[in-house]
Amino acid sequence: MGLWRKFAIGSAAGVVLAGAGLLALDAADRAFPPPLEKADVVSAEVLDADGQLLRAFATSEGRWRLKTSASDVDPQFLRMLIAYEDQRFYSHGGVDPWALGRASLQFVSNGRIVSGASTLSMQVARLIEPRPERTLSAKLLQLARAVQIERRLTKEQILDLYLTHAPYGGNLEGVRAASLAYFGKEPRRLTVAEAALLVALPQLPERRRPDRNLKAAEEARRRVLDRVAVAEAVGDGEAERAEGVAIPSRRMQLPALAAHLAETAVRKQPAVLKHQTTLKKQVQQGLESVARAAAMKLGPKLSLAMVMADAQTGEIVGEVGSADYFDTSRSGWIDMTRVNRSPGSTLKPFIYGLAFEQGLVSQETIIEDRPADFFGYRPRNFDMSYQGDVTVREALQLSLNVPAVKLLDAVGPSRLLVRFRRAEVRPALPPNETPGLAIGLGGVGITLKDLVQLYTALANRGQPARLGDGITGVPGKIDGEPMLEPVAVWNVADILSGVIPPAGAAQRGVAYKTGTSYGYRDAWSVGYDGRYVLGVWVGRPDNGAVPGLTGYGTAAPILFEGFAKSDIATTPLPRPPAGAVRIAQSELPISQRRFALNASGLLVASGREAAPQIVYPPEGAHIDLGAKGGDLSPLQLKLQGGRAPFRWLANGKPLPDLSRRRTQQWLPDGGGYSKLTVIDSAGRAASVGVFID
């Protein structure tokens, strides 16, 4: 056999053996893959509407392990990490031969380990498949796993795994958890000193924990900053300056906002790792700080709840279910935003809104506040005194009970509940009872969330918004008829915005109403500007009485502080719609100057059934319906007195239909002077002349 033939056969055999070896390695790689599925076990996160972390939940083994990618971290930290840990990270295949050779020579020369040879890929292999012993076989497995990981993942994916799983002492894992715990912030923007500490800790996380061994942490950070490659990565002089920066000596709590809502989100979708909410982090932080401060003043066993919603979209932007979720003495685990309680006087604005809408009263109409008997129901004022004759405006601002019940008797409790249904709110009535006059003083059950939903109509020109649940519920405008007409809504807002703020609170352009339930069990305050509604409830979760608890004295200060601390700019209340004007008492029609009803529920004047009176628009009024712009808006017509049905005429021409309602809409043909007439079934008529602008 010739020499060349032997060489050829030997070469072929070598190739076969090499191929067989590679096939064997590939088969082994496929048969024993790295346990990458373990890397998917991370903390569940609850995020605000902008993606900011509200709360994280520890993993099943009690680790704070927040999923992190390179885009979540300051680029300078990444440069320092690679410069210190693995300078050839982007060029090697999982194992760095140069680093291995250097480490081996240093070990032989010094008899001890001077520097490690672990690449970031090898460290990821160790983190996802930890072994308690540090033996040669464990190191060889780590080398093999690093190569396997490199075959399966990109460099970016490997780096993301390190950023998520790197140990930082105790139960902290990953750069985000460490940055939040030691610096109180996400790692998107880090100083050189902060970045150097986060690079240094994972090598010996327990020994270098700054909250337990500050000197070791300082020394480890110094070694990172002294590394030439790191100094080059951060720029001239930055490393020296960073060495003089103090290291935090305590560990902070990770964000734990919106406890009730966060628990609900995770319970509803346990397999989801990131739960998006409609909350705004700065609003939530502000409301919770107000709640904590208020709870310290309230005393034991009292809790409170707050809901802030966007009246235009229905999104809940802030929600506090209790004074302290973890305070068992206050039953803090109960979410009081969703518990039915008596709303006290907080429903009165809707009674007045209906009365305005039906033309029964104007703001300056006189109404009596004196003892009254409504077929055995005798409402009394909160302070047991009576004011005598007051204007409707004063009656609502002072939250007088007798005038509110008189108006509810006139508009009808059932009609009020029908309007609530337009807002998709159904208060809970006592068992086997029909709607009665007690509704006006809190004789129903309603949740804080539903109360805020009702008030979205007052902040949004009468159109209510459906509140979401803050998580998966779809908020939005409620289709159908408005809850109240815009002019009626404006009258209510004009009155409530004039209520004096509680002592020490600044006027913020907020319209608000307070309420106290029977027996001092619930204190309420609901306020709104042109965009947001905030509701506050204070009381005992067990429904116990709290002497001295009132809406104005207890809940209203929390309301104003909540608006101030929510970090949301005040939106002005809506401008008056067409036809909205506060008319002086002397200019009111005779039938509107004083509110009175006879036993049949008919408006009376001088002891007999009143003739019809047009209460809106008033005689000689100039009304801007957009005549100059081309397209006119309809004009709301209102009358008082008379006997249904009614026939309306505009400039002598009858409107299409007879109506039994005391309101009617008329669309003018154009601008200028018009004469409006109404005739009741008894043939009595009333007329006014108006100018359409």
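Cut-offs and rules
Residues numbered from 1 in each chain as written. Predicted model: local features only at pLDDT ≥ 70, side-chain atom pairs only at ≥ 80, totals over all residues. Heavy atoms only, no water. Salt bridge = Lys/Arg side-chain N within 4 Å of Asp/Glu carboxyl O. Helix = DSSP H or I, 4+ residues; strand = E, 2+ residues; numbered from the N terminus. Buried < 20%, exposed > 50% of the residue type's maximum accessible area, 1.4 Å probe, protein only. Core = buried A, V, L, I, M, F, W, Y, C linked by side-chain atoms within 4.5 Å. Axes fitted to C-alpha atoms, helices over the stretch in contact; angles between N-to-C directions. Parallel < 35°, antiparallel > 145°, perpendicular 65-115°, else oblique. Left-handed = near helix turned anticlockwise from the far one by under 90°. Contact = heavy atoms within 4.5 Å. Nonpolar A, V, L, I, M, F, W, Y, C, P; charged D, E, K, R; others polar. Pairing = 2+ DSSP bridges. Phe/Tyr/Trp six-rings, centres within 6.5 Å; stacked < 30°, edge-to-face > 60°.

Q: Explanation requested: the pattern of salt bridges in the structure shown.
A: Pairing between side chains becomes possible if they bear opposite charge and their charged atoms approach one another. Here the structure, examined in full by the defined rule, presents 36 salt bridges. Here Lys 268 makes a salt bridge to Asp 469, at a shortest N to O gap of 3.0 Å. Of the two residues, Lys 268 sits in helix H12 (residues 259–268) while Asp 469 sits in the loop between strand E10 (465–466) and strand E11 (476–477), which places them 201 residues apart along the sequence. The exposure class of Lys 268 is partly exposed, given its relative accessible area of 49%. Put simply, Asp 494 and Arg 393 hold a salt bridge, and the shortest N to O gap is 3.2 Å.

Q: Honestly, the nonpolar core in this entry has me stumped. Any pointers?
A: What tends to happen in soluble globular proteins is that the nonpolar side chains get buried as a cluster. Core analysis: the largest hydrophobic core is formed by 104 residues, its most contacted members being Leu 304, Met 306, Met 308, Phe 350, Leu 454, Tyr 528 and Val 538. Tallying contributions element by element places helix H18 (residues 448–459) first for this core, with eight residues. Counting 57 residues, the second-largest nonpolar core is a separate cluster that includes Leu 81, Ala 193, Val 199 and Ala 239.

Q: Whenever I open this one, the packing of helix H7 (residues 175–183) against helix H8 (residues 192–200) confuses me. Can you help?
A: Each pair of packed helices can be summarised by the angle the axes make with each other and by the distance between the axes. Running from N to C, H7 and H8 point in directions that differ by 125 degrees, and their axes come no closer than 11 Å. By the angle between their axes, H7 is oblique relative to H8. Like other packed secondary-structure pairs, H7 and H8 cross with a definite hand, here right-handed. Taking contact as the criterion, the partners of Val 175, Ala 178, Ser 179 and Phe 183 in H7 are, on H8, Glu 194, Leu 197 and Leu 198. Of the residues in the contact of H7 with H8, the class split is five nonpolar, one polar and one charged.

Q: Is there a simple way to think about the sheet that holds strand E14 (residues 532–539) in this case?
A: Think of a sheet as strands paired side by side through backbone hydrogen bonds, with each pair either parallel or antiparallel. With antiparallel pairing, the five strands of this open sheet are ordered in space as E7-E6-E14-E13-E12. The strands lining the two open edges of the sheet, one partner per strand, are strand E7 (316–320) and strand E12 (511–516). Mean inter-strand twist for the sheet, computed between neighbouring axes without regard to direction, equals 10 degrees. Sheet analysis places strand E6 (residues 303–310) next to E7, joined by four bridges and oriented antiparallel. If you follow Met 308 over to E7, its bridge partner there is Gly 318.

Q: I keep staring at unusual backbone geometry and nothing clicks. Help me out?
A: Negative phi is the rule for most residues except glycine; trans is the rule for most peptide bonds. With omega at 5 degrees, the peptide bond leading from Tyr 616 into Pro 617 counts as cis. Following the sequence through the fold, Pro 617 ends up in the loop between strand E17 (613–616) and strand E18 (622–623). The omega torsion of the bond from Ala 644 to Pro 645 falls at 0 degrees, within 30 degrees of zero and hence cis. Looking at where Pro 645 falls in the secondary structure, it is placed in the loop between strand E19 (635–640) and strand E20 (647–650).

Q: Sorry, what's going on with the packing of aromatic side chains here?
A: In this description, an aromatic ring pair is defined by two values, namely the gap between the centres and the angle between the planes. Summed over the entire model, instances satisfying the criterion amount to seven aromatic pairs. For the pair Phe 350 and Tyr 455, a centre-to-centre distance of 5.2 Å together with 85 degrees between the ring planes defines the contact as edge-to-face. Here Tyr 455 lies in helix H18 and Phe 350 lies in helix H14 (residues 348–357), a separation of 105 residues in the sequence. Taken individually, Phe 350 and Tyr 455 each receive the classification buried, so the pair is uniform in this respect. The rings of Phe 350, Phe 420, Tyr 455 and Tyr 528 are connected pair by pair, giving a single aromatic cluster.

Q: So what exactly am I meant to see when it comes to helix H19 (residues 486–496) here?
A: Working note: α-helix, 3.6 residues per turn, so residues spaced by three or four point in the same direction. Most of H19 is tucked away: 10 of the 11 residues are buried. Among all positions of H19, only Val 487, Ala 488, Val 489, Trp 490, Asn 491, Val 492, Ala 493, Asp 494, Ile 495 and Leu 496 are buried. The inward-facing, buried residues of H19 abut H14, helix H15 (392–397), H18, E12 and strand E13 (522–528).

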